[in-house]
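Structural overview for review
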Amino acid sequence: MAKKAKKTKRKKVASKKKSLKKKKVTRKKPSTKKPKSKKKKTKLPKGPELPEEPIGKVTHYFPKVRATALMIERDEVRVGDTLYFKGHTTHFKQTVDSMQINHQSVNQASAGDEIGIRTKSRTREHDLVFKL
């Protein structure tokens with residue numbers, strides 16, 4: 001009698017295992033929507049037509065006062081002139097409202113002078129400066 005009881009228990013255990021195997025997993029169908037495209041690089045807008053040679057280069061930027069130091073290599077710059085700053089990530093134009101040489105306000109600067117002017121945007125060393 002003991003043998004028959006064991007067999008029935010085994011059958012019950014086996015039937016439970018079979019019921020677990022019968023479960024089906026439903027998978028989602030692939031969507032027909034187009035995959036999202038990667039972000040495209042935005043091209044920088046083209047600036048104004050520039051003269052062939054720059055008049056100088058940026059030597060330093062002071063972020064707290066938003067001022068740029070630039071070395072004038074050729075020509076001259078006066079208060080009221082429009083300068084265009086061009087670099088790898090820099091491109092903007094600005095009118096010179098005031099400028100300084102060694103903390104002294106001046107109205108014009110010529111080749112060989114290093115001047116400081118306030119700028120509306122960040123500049124970086126070696127950015128080129130054009131006079132428009």
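Calculation rules
Residues numbered from 1 in each chain as written. Predicted model: local features only at pLDDT ≥ 70, side-chain atom pairs only at ≥ 80, totals over all residues. Heavy atoms only, no water. Helix = DSSP H or I, 4+ residues; strand = E, 2+ residues; numbered from the N terminus. Buried < 20%, exposed > 50% of the residue type's maximum accessible area, 1.4 Å probe, protein only. Contact = heavy atoms within 4.5 Å. Areas by Shrake-Rupley, 256 points an atom, 1.4 Å probe, with all protein chains shown as cover. Core = buried A, V, L, I, M, F, W, Y, C linked by side-chain atoms within 4.5 Å. Phe/Tyr/Trp six-rings, centres within 6.5 Å; stacked < 30°, edge-to-face > 60°. Pairing = 2+ DSSP bridges. Lys, Arg positive; Asp, Glu negative; His and termini not counted. Salt bridge = Lys/Arg side-chain N within 4 Å of Asp/Glu carboxyl O. Polar contact = N/O pair within 3.5 Å; in protein donor to acceptor, adjacent residues only side chain to side chain.

1. Observations concerning the overall build of the protein
Helix and strand content of the protein: one helix and ten strands. Along the chain direction, N to C, the helices and strands of the protein fall in the order α-β-β-β-β-β-β-β-β-β-β. Scored against the burial criterion, the 132 residues of the protein give a buried share of 20%. Considering only intrachain contacts with a sequence separation of at least 6, the fraction spanning at least 24 residues in the protein is 63%. Total accessible area on the protein stands at roughly 11700 Å², and carbon and sulfur atoms take up 53% of it.

2. Overview of the nonpolar core
Counting residues in each nonpolar core, the largest one holds 14 residues, and the members touching the most others are Leu83, Phe85 and Ile117. Looking at this core, the elements with two or more residues in it are β2 (67-72), β4 (82-86) and β9 (114-118). Non-local contacts of leucine 83, meaning those with residues more than four positions away in its chain, are made with Ile55, Val77, Phe92, Lys93, Gln94, Val96, Ile117, Val129, Phe130 and Lys131.

3. Notes on the packing of aromatic side chains
A full pass over the atoms with the stated rule returns one aromatic pair. A ring pair is formed by phenylalanine 85 and phenylalanine 92, whose centres lie 5.0 Å apart and whose planes are at 20°; its orientation type is stacked. This pair shows no difference in class: phenylalanine 85 is buried, exactly as phenylalanine 92 is.

4. Topic: the pairing of strand β5 (residues 91-95)
The two faces of β5 differ: Phe92 and Gln94 on one face are buried, but His91, Lys93 and Thr95 on the other face are not. Where β4 and β5 come together, five bridges link them in antiparallel fashion. From the neighbouring strand, tyrosine 84 faces β5, where its bridge partner is lysine 93. The turn joining β4 and β5, which pair antiparallel and follow one another in sequence, is formed by four residues.

5. Re the side chain of aspartate 127
Checked against the element boundaries, aspartate 127 lands in the loop between β9 and β10 (128-131). The buried charged residue aspartate 127 lacks any salt bridge, with arginine 124 as its nearest oppositely charged partner at 5.4 Å. A polar contact of 2.9 Å, which involves the side chain of aspartate 127, links it to the side chain of threonine 90. A distance of 2.9 Å separates a polar atom in the side chain of aspartate 127 from the backbone nitrogen of arginine 124. When sequence neighbours within four positions are dropped, the list of residues in contact with aspartate 127 reads Gly56, Lys57, Val58, Lys86, Gly87, His88 and Thr90.

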